[in-house]
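Residues per chain are reported as follows:
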Amino acid sequence: MSEQTASRSPMTVREALADWLRPPRAHGDVIEDRTVSFLELFYDLVFVVLIAQIAHALAADVSWTGVRNFAVVFVLVWYAWLNGTLYHEVHGGEDGRSRTFIFLQMGLIAVMAVYAGHAADEVADGRGFAIVYAILLLLLAFQWAGVIRHDNPAFRPIARRYVGGMVVMAAAVAATALVDDTDLRVWLWLAIFGVTVLATLQIVLSRNPLVEEANRPTESMSERFGLITIIMLGEVVVGVVDGLSELDERSALAIVTGMVSLAIGMGVWWNYFDFVGRRLPRPDTNVRAVWTQGHMVLGLSIAAAGAGMVSLVEHAGDARTPVATAWLVSGSVSLLALILAALVWTMEERPGRAMVPRLLVGTAVLALVVGALRPPPWLLALLLYGALSVVWGDAFIRHARSGERIAET
């Protein structure tokens, strides 16, 4: 028995329950050495199901409309994940209140997943998604509002504005359930999300010291972004497996195409976790905004690439990659390379850091060229993987010449 445990006084059941359901942490009450909990991992895994549903819908409809629908639903899902994640990071803990609210969120997320796949192209599913999403936002707003009573008074005006914004967003999304035109509903969702992001950025970029303190990145937040990135990379694996599983005959060429496509995900892993993962951005408000929102775009591009893998494997025997598939996979890799460059830019100075974003921008341009040329699927995947490998390989050589390891130990 530890000294700390031995010094505790016995409690009645009522006292233990009150402690178990203790109020949320106030702003500024940061747990510096906190690590991501099993509860948070469980929460993220439920989002895997939701993201998988919309990725599968994109895999079945590789078109500009399919990409638009996927992107709009994805950003709404990401906003919900980010809100739940930030709340737990800033105010949550290993207590009954935090667990109860997270499990309630998970239940709503599971119901959302039922509607998410066709939320953008079917009237009934879109209506169901909008209603459940609005309820989830209201639950999150209720959690944030619960902090105000126990918070530092200086933070209360900011918190009230944030809660008010979430309630307005919930009401706007709920109102779209009354819209029967699926295209109009998707554009309304995009407009609602855009206004919400702009309003949030206006608060974050206000240079208010209290806002900067409330949004200070932590080691555990960096870890959480890394974990959700791994989950997104799982969609690449799922895309390859789904593509191979749906083939009547699995030729050697199809299997090779699948393995090279899978290597694209591995190339993203190498670049993200050696240049960005487990690191905090520079202490500047604008930089933090890029770091936070950049992970949304990174996750979107990874999941979209994974959806494109299904078609890439299915057309493994084609002389040229289908136009829509080529642009989906190459465009996704191009976008993720650009956002990786932006994320590397947010990091503290390191030897050779400036070269990595430049090579990633070059990778983005090359990916678009590959998409325009539309080589056979196996070659398209190989060229994209090669472009990502060049970035990491160059950094490895430069680190070796300076006597440093590229990976932290």
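Residues numbered from 1 in each chain as written. Predicted model: local features only at pLDDT ≥ 70, side-chain atom pairs only at ≥ 80, totals over all residues. Heavy atoms only, no water.

Visitor: Break down the packing of helix H4 (residues 64-91) against helix H12 (residues 285-314) for me, citing the residues and quoting the values.
Guide: Angle between the axes and distance between the axes: these two values describe a pair of packed helices. Relative to each other, H4 and H12 sit at 135°, their axes nearing to 10 Å. When the axes of H4 and H12 are compared, the pair comes out oblique. In this structure, H4 meets H12 at a crossing whose hand is right-handed. Here Phe70, Ala71, Phe74, Val75, Trp78 and Leu82 of H4 come into contact with H12, specifically with Thr292, His295, Met296, Gly299, Leu300, Ala303 and Ala304. Class assignment for the residues of the contact of H4 with H12 results in 10 nonpolar, 3 polar and no charged. (Axes fitted to C-alpha atoms, helices over the stretch in contact; angles between N-to-C directions. Helix = DSSP H or I, 4+ residues; strand = E, 2+ residues; numbered from the N terminus. Parallel < 35°, antiparallel > 145°, perpendicular 65-115°, else oblique. Left-handed = near helix turned anticlockwise from the far one by under 90°. Contact = heavy atoms within 4.5 Å. Nonpolar A, V, L, I, M, F, W, Y, C, P; charged D, E, K, R; others polar.)

Visitor: For the pattern of salt bridges, give the residues involved together with the corresponding values.
Guide: On inspection of all chains with the given rule, the structure shows 8 salt bridges. For arginine 68, the salt bridge identified is with aspartate 183, shortest N-O distance 2.8 Å. Here arginine 68, found in helix H4, pairs with aspartate 183, found in helix H8 (residues 182-204); they are 115 residues apart in sequence, far enough to count as distant. When the shortest N-O distance is used, the salt bridge between arginine 398 and aspartate 394 registers 2.7 Å. Taken together, the residues span about one helical turn, with arginine 398 and aspartate 394 both in helix H15 (residues 377-401) at a distance of 4 residues. (Salt bridge = Lys/Arg side-chain N within 4 Å of Asp/Glu carboxyl O.)

Visitor: Tell me what's going on with the confidence of the model for the protein, and back it up with residues and numbers.
Guide: Detailed reading of the predicted model is not advised wherever pLDDT is low. For the protein, the average pLDDT comes to 88, and 96% of its residues sit at 70 or higher. Mean pLDDT per element in the protein: helix H1 (residues 3-6) is the minimum at 45, and helix H13 (residues 323-346) is the maximum at 95. Taken together, the stretch residues 1-6 has pLDDT below 50 and engages in 1 contact with residues farther than four places along the chain or on a different chain. (pLDDT = per-residue confidence, 0-100.)

Visitor: Any chance you could break down H12 for me, citing the residues and the numbers?
Guide: Residues lying three or four places apart along an α-helix face the same way, a consequence of the helix completing one turn every 3.6 residues. In this model, H12 (30 residues) spans 45 Å end to end at C-alpha, consistent with the 44 Å of a helix rising 1.5 Å per residue. Along H12, 25 of the 30 residues are buried, which leaves the element largely enclosed by surrounding structure. Its side-chain oxygen at 3.0 Å from the backbone nitrogen of asparagine 286, aspartate 284 defines the N-terminal cap of H12. (Expected span 1.5 Å × (residues − 1). Buried < 20%, exposed > 50% of the residue type's maximum accessible area, 1.4 Å probe, protein only. Polar contact = N/O pair within 3.5 Å; in protein donor to acceptor, adjacent residues only side chain to side chain.)

Visitor: Hey, could you go over the environment of threonine 325 for me, with residue numbers and the actual values?
Guide: Positionally, threonine 325 belongs in helix H13. Using a relative accessible area of 3% as the deciding quantity, one classes threonine 325 as buried. Taking C-alpha positions, threonine 325 is 9.1 Å from proline 377, a pair spaced 52 residues apart along the chain. When residues no more than four places from it in sequence are discounted, the contact partners of threonine 325 are Val62, Gly308, Ser311 and Leu312. Within the structure, the side chain of threonine 325 is placed 2.5 Å from the side chain of serine 311, a separation counted as a polar contact.

Visitor: I'd like to hear about the packing of aromatic side chains, residue by residue, with values.
Guide: By the definition in use, this model includes 18 aromatic pairs. On the numbers, 6.1 Å between centres and 70° between planes, the contact of phenylalanine 42 with phenylalanine 103 is edge-to-face. Of the two residues, phenylalanine 42 is situated in helix H3 (residues 38-60) and phenylalanine 103 in helix H5 (residues 96-116); the sequence distance between them amounts to 61 residues. By relative accessible area, phenylalanine 42 is classed as partly exposed at 44%. With a centroid separation of 5.3 Å and 20° between ring planes, the pair formed by tryptophan 392 and phenylalanine 396 is classed as stacked. Separated by 4 residues within a single helix, tryptophan 392 and phenylalanine 396 lie in helix H15, roughly one turn from each other. Classification of phenylalanine 396 by relative accessible area gives partly exposed; the value is 41%. Three or more aromatic residues joined by ring pairs make a cluster, and in this case those are Trp269, Trp270, Tyr272, Phe273, Trp392 and Phe396. Here the basic side chain of arginine 282 rests over the ring of tryptophan 345, its NZ or CZ set 4.8 Å away from the ring centre. (Phe/Tyr/Trp six-rings, centres within 6.5 Å; stacked < 30°, edge-to-face > 60°. Lys NZ or Arg CZ within 6 Å of the ring centre and 35° of its normal.)

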